[in-house]
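One letter stands for each residue in the lines below.
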Amino acid sequence: MIAYRKMTGLARMPYTNLTVFRRLQQGAGAFHVRYRHDGRHVEGDLTRQVLAEIEPGGRVHALYTMSSGKPSTPTVIGRFSVYSKTPGTNSEGMVDSNYFIRGYAIHGYAEVPTYAASHGCLRVPIPNAAAIYAWIREGTPVDVYNESGGGSHRVSSHAGP
């Protein structure tokens, strides 16, 4: 629900109301795939703070709320690929981590605010982490962007750490 509200510009709350149902009826809130030619991949939209799993042909498989890097530790912008996966919970509290460049990962975390608050990773709610971990494979492309193109710096590599 929070991901849908983010896509439609509604208050970021975990419940529905008449406004949400009206927007759904109007077809609002669709995720617009930016890199449909990347085949099966993940897109991290930093502007809306959502993570999308994309199937070949540009069909959205799933959409999740996320929290990316806060201003003092921004998430890198660019095109990457998952180079390592670590199941379970690590010493930092990261759950089911999918690393896409240096130490940056898509992972579950206990706190996932509706705004950018991480140390640069793409945090998702722990209840979603297992499904995301199962869907992502080593080598899965990860496209991270925002509408203004900002971020800590732009990196254009599918290389690992």
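No experiment lies behind these values; they were computed from the predicted model shown.

**A closer look at the confidence of the model for the protein chain**
- Considering every residue of the protein chain, the mean pLDDT works out to 87; 88% of them sit at 70 or more.
- In the predicted structure, residues 151-161 sits below a pLDDT of 50 and forms 28 contacts with residues beyond four places in sequence or in another chain.

**Thoughts on the pattern of salt bridges**
- On inspection of all chains with the given rule, the structure shows four salt bridges.
- Measuring nitrogen to oxygen at the nearest pair gives 2.6 Å for the salt bridge that ties Glu147 to Arg48. Here Glu147 is found in the loop between strand 9 (141-145) and strand 10 (154-156), whereas its partner Arg48 is found in the loop between strand 1 (41-45) and strand 2 (50-55), with 99 residues between them in sequence.
- Close ionic contact of Asp143 with Arg79 constitutes a salt bridge, the shortest N to O distance being 2.9 Å. Of this pair, Asp143 sits in strand 9 while Arg79 sits in strand 4 (residues 77-81), and the two are 64 residues apart along the sequence.
- Judged by relative accessible area, which is 0%, Asp143 ranks as buried.
- Here the salt bridges share partners, and the residues they tie into one network are Asp38, Arg79 and Asp143.

**Some points on helix 3 (residues 126-135)**
- Within helix 3 the residues assigned to the buried category are Ala129, Ile132, Tyr133 and Trp135. Taken end-on, helix 3 shows its buried residues confined to a sector of 155 degrees, consistent with a single buried face. Exposed residues lying more than 90 degrees from the buried face of helix 3 are Pro127 and Ala134.

**Remarks on the sheet that holds strand 7 (residues 104-109)**
- The strand order 5-6-7-8 describes an open sheet built from four strands, whose pairing is mixed. Where the open sheet ends on each side, the last strands, each with one partner, are strand 5 (84-89) and strand 8 (122-125). Along the sheet, successive strands turn relative to each other by an average axial angle of 20 degrees, direction set aside.
- In the sheet, strand 7 pairs with strand 8 via four bridges, with the strands oriented parallel. Counterpart to His107 in the pairing with strand 8 is Arg123.
- Contacts from helix 3 reach strand 5, strand 6 (95-101), strand 7 and strand 8, with the element oriented near 60 degrees to strand 6.

Cut-offs used in this document
Residues numbered from 1 in each chain as written. Predicted model: local features only at pLDDT ≥ 70, side-chain atom pairs only at ≥ 80, totals over all residues. Heavy atoms only, no water. pLDDT = per-residue confidence, 0-100. Contact = heavy atoms within 4.5 Å. Salt bridge = Lys/Arg side-chain N within 4 Å of Asp/Glu carboxyl O. Helix = DSSP H or I, 4+ residues; strand = E, 2+ residues; numbered from the N terminus. Buried < 20%, exposed > 50% of the residue type's maximum accessible area, 1.4 Å probe, protein only. Arc of directions from axis to C-beta. Pairing = 2+ DSSP bridges. Axes fitted to C-alpha atoms, helices over the stretch in contact; angles between N-to-C directions.

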